[in-house]
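Residues per chain are reported as follows:
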Amino acid sequence: MPENNRYDVIIIGTGAGGGTLAYHLAPSGKRILLLERGGYLPREKDNWDAKAVFVESKYRAKETWCDKDGKPFYPGIQYYVGGNTKVYGAALLRFRERDFGEVGHHGGVSPAWPLSYADFEPYYTKAEHLYHVHGQHGIDPTEGPASAPYRYPAVSHAPRIQELFDDFERLGHHPFPLPLGILLDEADGKALHTSACVRCAAFDGFPCLVNGKADSQVICVDPALEYSNVEMLTGACVERLETDASGRVVTKVIVTRAGAEEQYSADIVVVSCGAVNSAALLLRSASDQHPGGLANSSDVVGRHYMRHNCSAFMAISRDPNPTVFQKTLALNDFYFRSDDWEYPLGEIQMLGKSDGEMLKGEAPGWAVWKPEFALDYLAERSIDFWLQSEDLPHPDNRVTIHPYGQIVLSIRETNLEGHKRLTAKLEGMLGDIGLHDHLMHRSLYLGKDIPIGGTAHQAGTVRFGRDPKTSALDVNCKAHDLDNLYVVDASFFVSIAAVNPSLTIMANALRVGDHLLERLGV
Ligand SMILES: Cc1cc2nc3c(=O)[nH]c(=O)nc-3n(C[C@H](O)[C@H](O)[C@H](O)COP(=O)(O)OP(=O)(O)OC[C@H]3O[C@@H](n4cnc5c(N)ncnc54)[C@H](O)[C@@H]3O)c2cc1C
Ligand code: SF4
């Protein structure tokens, strides 16, 4: 244990939120401690082995949570320095302007955020630059204004994906290059010798063996640790937070490390454990002053859990698809409505390419479609899509703690009709875009084999807002009920939109970071 265990700032968790905040605060000279329950993700050949990653789930946390009926399941979650960004697909998109307002959906209302797109815009630009996002603004009609271009050009399409792009355009659609956080320098579709990323097939769900992915460890945590005022303890699992007698100030951060209890304190404590674990930590920190859980006088902590309605699909191209790096295209033409429906459907993106090992791991479910197609034939021609639609925050979709301490996740699905229609839209186009007219579920990706285990996009469990009766955090992501407690992971989301969450988490961490620098007098 460090000799002096009193800090200016403690940040718990080093993922998209915590890592980004640490990077932003590091030059302040303030004494900062990062507490991370995981260690560094090992760099080894298995990082790029589909069997190890998807079939054996080698890097997934070895813990179980329970559903509302007490049935245990493995959440699709990873505990490492860098959090879930170590395995994320790095599709880094902004919410659309309208996503910050109230949006009517078939299944209900997606509530308004207390801040607008204009409040987030400068931070989106900073986050895009920080995380090396490669993209092109101004092509997707649903996109809001950007105050600066991306610093890096869009990742080029492989020839088969360019054909797909052209086919979508021919049908009157507006495909756009998927913005990706990647350390790639390329020319003519090939990585240059200076490039960290080698444009391999292992993007999306795999850790990157060569640190070519712009994840929170590579981009933020490692650079932050170069400052002498920043320290990190790994294998440090925060068990609970304790307050002074007034209940207004967190005075102790209780940690288990190497089997022993340790205590730390700081002027400012920032929780960033991911939406489920942050809610669980606050609920576990119940006390006489906070009987329903820390920062929970509103009773919203743990509630309004969201995770997207999403599906991974494989289609089969009539011509071989030799693409190695496939995740370069997206389509938002059904984001807010379609020609035959007035409600939002969602977003279509490409996904990392299926390979033979993945197909062997999941084949039985759909191999009946055309049994004459051998797996190798399918793998050679597969084209993979990710469909993502908005789920809605419901108070009963929630995290609670079992009397024995285990996390309980209760969910019931919301707003499914839009997602069904989005799937039908893609299915209806397959014949016109050079694909056999059948979509097959790719169940291994993101743990969708157990629907409740699909926790990759978890958000919303400690929502922010202006009213302390309906939100746990204020607009600076400080707990309404406490003076020195902040939350900067995906927990603060009020709604989840239909784009991937990480850029909004990163942008918000930079925004809260500005507030903290001001508060610290820097
Ligand atoms: C396979 C996969 C693909 C994805 N693809 C994309 C994508 O393409 N685009 C996108 O935007 N998002 C993607 N995501 C989602 C993205 O990874 C998450 O939204 C993001 O990492 C969440 O950031 P966070 O800060 O909320 O939490 P996390 O990144 O989960 O970080 C939480 C951190 O807290 C630590 N922690 C937890 N509990 C404790 C504790 N008690 N004490 C100490 N430390 C603790 C964890 O170990 C972790 O390091 C993907 C996720 C997965 C799993
Ligand atoms: S595509 Fe690039 S970033 Fe992704 S795993 Fe391969 S080398 Fe790493």
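Definitions and limits used
Residues numbered from 1 in each chain as written. Chains lettered and ligands numbered in written order. Predicted model: local features only at pLDDT ≥ 70, side-chain atom pairs only at ≥ 80, totals over all residues. Heavy atoms only, no water. Helix = DSSP H or I, 4+ residues; strand = E, 2+ residues; numbered from the N terminus. Rg over C-alpha atoms; globule rule 2.2 N^0.38 Å. Buried < 20%, exposed > 50% of the residue type's maximum accessible area, 1.4 Å probe, protein only. Contact = heavy atoms within 4.5 Å. Lys, Arg positive; Asp, Glu negative; His and termini not counted. Charge placed at Lys NZ, Arg CZ, Asp CG, Glu CD. Near = heavy atom within 4 Å. 1 Å grid on protein atoms, 1.4 Å probe; cavity = no way out; pocket = protein on both sides within 12 Å on 5 of 7 lines; lining within 4 Å. Sits in = over half its atoms within 2 Å of the grid points. Nonpolar A, V, L, I, M, F, W, Y, C, P; charged D, E, K, R; others polar. Points joined across faces, edges and corners; volume = space filled by probe spheres on them. Polar contact = N/O pair within 3.5 Å; in protein donor to acceptor, adjacent residues only side chain to side chain. Areas by Shrake-Rupley, 256 points an atom, 1.4 Å probe, with all protein chains shown as cover. Core = buried A, V, L, I, M, F, W, Y, C linked by side-chain atoms within 4.5 Å. Pairing = 2+ DSSP bridges. Phe/Tyr/Trp six-rings, centres within 6.5 Å; stacked < 30°, edge-to-face > 60°. Lys NZ or Arg CZ within 6 Å of the ring centre and 35° of its normal. Salt bridge = Lys/Arg side-chain N within 4 Å of Asp/Glu carboxyl O. Expected span 1.5 Å × (residues − 1). Bend = angle between axes of the 7 residues up to and from the residue.

Colleague: Mind laying out the overall build of the protein chain, listing which residues take part and the relevant values?
Modeller: Helix and strand content of the protein chain: 10 helices and 23 strands. By the compact-globule yardstick of 24 Å for 522 residues, the protein chain fits well, its C-alpha radius of gyration being 22 Å. Viewed in the frame of its principal axes, the protein chain has a C-alpha envelope of about 70 × 50 × 45 Å. Going through the 522 residues of the protein chain one by one, you find that 61% of them count as buried. For the protein chain, long-range pairs separated by at least 24 residues make up 73% of all intrachain contacts whose partners lie at least 6 apart in sequence. Of the charged side chains in the protein chain, 50 are positive and 67 negative; the average position of the first set lies 2 Å away from that of the second.

Colleague: Outline the site of ligand 2, listing residues and values.
Modeller: Trp48, Cys197, Val198, Arg199, Cys200, Ala202, Phe203, Cys208, Val210, Gly212, Lys213 and Phe325 make up every residue found near ligand 2. The cavity that encloses ligand 2 is the largest cavity. Considered class by class, the residues forming the shell around ligand 2 number 9 nonpolar, 1 polar and 2 charged.

Colleague: Any details on empty space enclosed by the protein? Residues and values, ideally.
Modeller: This model, assessed by the stated rule, comprises 5 cavities of 30 Å³ or more. If you trace the largest cavity, you find 13 residues lining it, with Cys197, Cys200, Ala202, Phe203 and Cys208 closest to the centre.

Colleague: Just give me the short version of the site of ligand 1, but keep the residues and values in it.
Modeller: For ligand 1, the set of nearby residues contains 39 residues, the closest of which are Gly17, Glu36, Asn84, Gly89 and Ser502. Interatomic distance of 2.6 Å between a side-chain N/O atom of Glu36 and an oxygen atom of ligand 1. A distance of 2.9 Å separates a nitrogen atom of ligand 1 from a polar backbone atom of Val238. Bound to the protein, ligand 1 loses 97% of the 1000 Å² it would expose on its own. Broken down by secondary-structure element, the contributors of at least two residues to the shell around ligand 1 are α1 (16-25), β13 (236-243) and α10 (502-519). By residue number, the principal contributor to the shell around ligand 1 is β13, which donates 3 residues. Looking at side-chain class alone, the shell around ligand 1 contains 19 nonpolar, 16 polar and 4 charged residues.

Colleague: Provide a residue-level description of the nonpolar core, including the pertinent values.
Modeller: Grouped together as the largest cluster of nonpolar side chains are 120 residues, with contacts concentrated most on Ile12, Leu35, Tyr131, Leu241, Val253, Leu485 and Phe493. The element that contributes the greatest number of residues to this core is α10, accounting for 9 residues. Other than its neighbours up to four places away in sequence, Tyr131 contacts Ala16, Thr20, Tyr88, Leu92, Gly181, Ile182, Ala214, Asp215, Ser216, Ile219, Cys220 and Met506. Membership of the second largest hydrophobic core comes to 24 residues, among which are Ile161, Leu422, Leu426 and Met429.

Colleague: Requested: an account of the pairing of strand β19 (residues 382-389), with residues and values cited.
Modeller: When you tally the buried positions in β19, you get 8 out of 8 residues, the bulk of the element. Side chains of β19 alternate between two faces, with Ser382, Asp384, Trp386 and Gln388 and Ile383, Phe385, Leu387 and Ser389 buried alike. Pairing analysis gives 8 bridges linking strand β16 (residues 309-316) to β19, with the strands arranged antiparallel. Looking across to β19, one finds that Ala315 is bridged to Ile383.

Colleague: Outline the packing of aromatic side chains, supporting the account with residue identities and numerical values.
Modeller: Tallying each qualifying case throughout the model produces 18 aromatic pairs. Seen in terms of ring centroids, Phe95 and Phe493 are 5.6 Å apart; in terms of plane orientation they differ by 90°. Their pairing is edge-to-face. Of this pair, Phe95 sits in the loop between β4 (72-73) and β5 (103-105) while Phe493 sits in the loop between β23 (485-487) and α10, and the two are 398 residues apart along the sequence. There is no split in this pair, since Phe95 and Phe493 are both buried. Following the ring pairs from residue to residue traces out a cluster consisting of Phe95, Phe100, Trp113, Tyr117, Phe120, Tyr124, Phe464, Phe492 and Phe493. Lying over the aromatic face of Tyr7, Arg31 brings its terminal NZ or CZ to 4.0 Å of the ring centre. Across from the ring centre of Phe336, 4.0 Å away, lies the NZ or CZ of Arg98, which sits over that ring.

Colleague: Account for the pattern of salt bridges, naming residues and giving values.
Modeller: Using the criterion set out here, one finds 24 salt bridges in the structure. As a salt-bridge pair, Lys51 and Glu56 come within 3.6 Å of each other at their nearest N and O atoms. For Lys51, a relative accessible area of 38% corresponds to the partly exposed category. Using a relative accessible area of 48% as the deciding quantity, one classes Glu56 as partly exposed. For Lys327, the salt bridge is made with Asp204, and the minimal N-O distance between the two is 3.1 Å.

Colleague: Which residues make up unusual backbone geometry, and what are the values?
Modeller: Both trends apply: most residues other than glycine have a negative phi, and most peptide bonds are in trans. The backbone phi angle of Ala90 is positive, close to 55°, even though this residue is not glycine. In this fold, Ala90 is placed in the loop between β4 and β5. Among the residues examined, Ala90 registers a relative accessible area of 1% and is labelled buried. Backbone geometry at Ala295 places phi at a positive 65°, although glycine is not the residue there.

Colleague: Describe in detail the side chain of Asn508, supporting the description with residues and values.
Modeller: Its place among the elements puts Asn508 in helix α10. Apart from the residues within four sequence positions on either side, Asn508 is in contact with Phe120, Cys477 and Phe492.

Colleague: Outline the environment of Asp8, supporting the account with residue identities and numerical values.
Modeller: You can see Asp8 is positioned in strand β1 (residues 6-12). Distance in space between the C-alpha atoms of Asp8 and Ala266 is 5.0 Å, their sequence separation being 258 residues.

Colleague: Go over helix α3 (residues 117-130) with me, naming the residues and quoting the values.
Modeller: Its 14 residues place the ends of α3 19 Å apart at the C-alpha level, agreeing with the 20 Å of an ideal helix rising 1.5 Å per residue. At Tyr123, α3 shows its largest bend, some 25°. Turning to α3, its buried residues are Tyr117, Phe120, Glu121, Tyr123, Tyr124, Thr125, Ala127, Glu128, His129 and Leu130. Downstream of α3 by a residue or two, His132 has a phi angle that is positive, lying close to 50°.

Colleague: Could you give an account of the pairing of β13, naming the residues involved and the relevant values?
Modeller: A regular strand places its side chains so that they alternate between the two faces of the sheet. Judged from the 7 bridges that link them, β13 and strand β14 (residues 250-257) form a sheet pairing that is antiparallel. Bridge pairing links Arg240 to Ile254 in β14. Taken together, β13 and the strand that follows it, β14, pair antiparallel across an intervening segment of 6 residues, in which Gly247 is found at a positive phi of about 80°.

Colleague: Residue-level account of the side chain of Asn321, with values.
Modeller: Relative to the elements of secondary structure, Asn321 occurs in the loop between β16 and β17 (329-331). Only 2.7 Å separates the side chain of Asn321 from the backbone oxygen of Ser382, close enough to count as a polar contact. The contacts of Asn321, once residues within four sequence positions are left out, are Arg160, Gln326, Lys353, Glu380, Arg381, Ser382 and Ile383.

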